[in-house]
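# Structure at a glance
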Amino acid sequence: AAAAILLGLLSAVPAAADDAMTAAAAQFYAVYGTFHPSDGIPDAAGRVRLAPVLSAQLNRRLADAARAEDRFNARNRGSPPLLEGDIFTSNFEGATTYKVGACAANGKTGQCKVELVYDDSKTNPKDKPARWTDTAFLVLTGQGWKIDDIGYGASWDFANKGKLSGQLKWADAESRRPVE
């Protein structure tokens, strides 16, 4: 009987982690929804709003990317920003709805599949909603699960590809390239 109780308790630990990750991902997308439509790297006020739901590492990357954008703009007056459109989803226009799906923890890291939809049919009745699945990567911190990266999952030609962290690293490197 004691072994059955222990086994039951141990099997509940991953479920609790999954529930906590689901809640953390939902919190992030709730904050994200206040930005919609997102356009490029969030400004300082946006980063302050996002900070509680992001890992320290992702907060640093966003701050570094904002400095990179400033560097780039100072050297390339009149140029469009390095990162345009929504950087938090695969879709340039962002997402209008989300649903956090299955989450899985692997120690202090984890990931959640997130079903996203962009529906502008109220503005453009002929347009069909775009649907795709991105991956929210999380890390367990002293303050609970936090978003550490986003994996872009859409397959259309002009979708964001790779991960958010890759986009932010690219922006930093691009801002340091010599002006041609």
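Preceding block: the structure.
Residues numbered from 1 in each chain as written. Predicted model: local features only at pLDDT ≥ 70, side-chain atom pairs only at ≥ 80, totals over all residues. Heavy atoms only, no water.

### So, the nonpolar core
- With 41 residues, the main nonpolar core has Phe28 and Ile147 as its most contacted residues.
- Elements with a contribution of two residues or more to this core: α1 (2-33), α3 (56-75), β1 (97-106), β2 (109-118), β3 (130-141), β4 (144-151) and α4 (164-176).
- With eight residues, α1 is the largest single contributor of residues to this core.
- Those residues in contact with Ile147, other than ones at most four positions away along the chain, are Ala25, Phe28, Val53, Leu54, Ser55, Leu58, Ala136, Phe137 and Leu138. (Core = buried A, V, L, I, M, F, W, Y, C linked by side-chain atoms within 4.5 Å. Buried < 20%, exposed > 50% of the residue type's maximum accessible area, 1.4 Å probe, protein only. Helix = DSSP H or I, 4+ residues; strand = E, 2+ residues; numbered from the N terminus. Contact = heavy atoms within 4.5 Å.)

### Thoughts on the sheet that holds β3
- Taken in spatial order, the four strands make up an open sheet running β1-β2-β3-β4, and their pairing is antiparallel. Looking at which strands have only one partner, the edges of the open sheet turn out to be β1 and β4. When strand polarity is set aside, the average angle formed by the axes of neighbouring strands in this sheet is 30°.
- The pairing of β2 with β3 spans 10 bridges and is classified as antiparallel. (Pairing = 2+ DSSP bridges. Axes fitted to C-alpha atoms, helices over the stretch in contact; angles between N-to-C directions.)

### Details of the side chain of Asp134
- Within the fold, Asp134 resides in strand β3.
- Discounting residues that sit within four places of it in the chain, Asp134 has contacts with Phe88, Thr89, Ser90, Cys112, Lys113, Val114, Leu116, Ile150, Gly151, Tyr152, Gly153 and Ala154.

### Brief notes about the pattern of salt bridges
- Evaluated as defined, the whole model comprises four salt bridges.
- With a shortest N-O distance of 2.2 Å, Asp64 and Arg67 are connected by a salt bridge. Of this pair, Asp64 and Arg67 are both found in helix α3, three residues apart, which corresponds to roughly one turn of the helix.
- One salt bridge connects Asp172 with Arg176, and the closest N-O pair in it is separated by 3.2 Å. Note that Asp172 and Arg176 are positioned in helix α4 at a spacing of four residues, about one turn of the helix.
- Classification of Arg176 as exposed rests on a relative accessible area of 53%.
- Salt bridges sharing partners connect three or more residues here, namely Arg71, Asp172 and Arg176. (Salt bridge = Lys/Arg side-chain N within 4 Å of Asp/Glu carboxyl O.)

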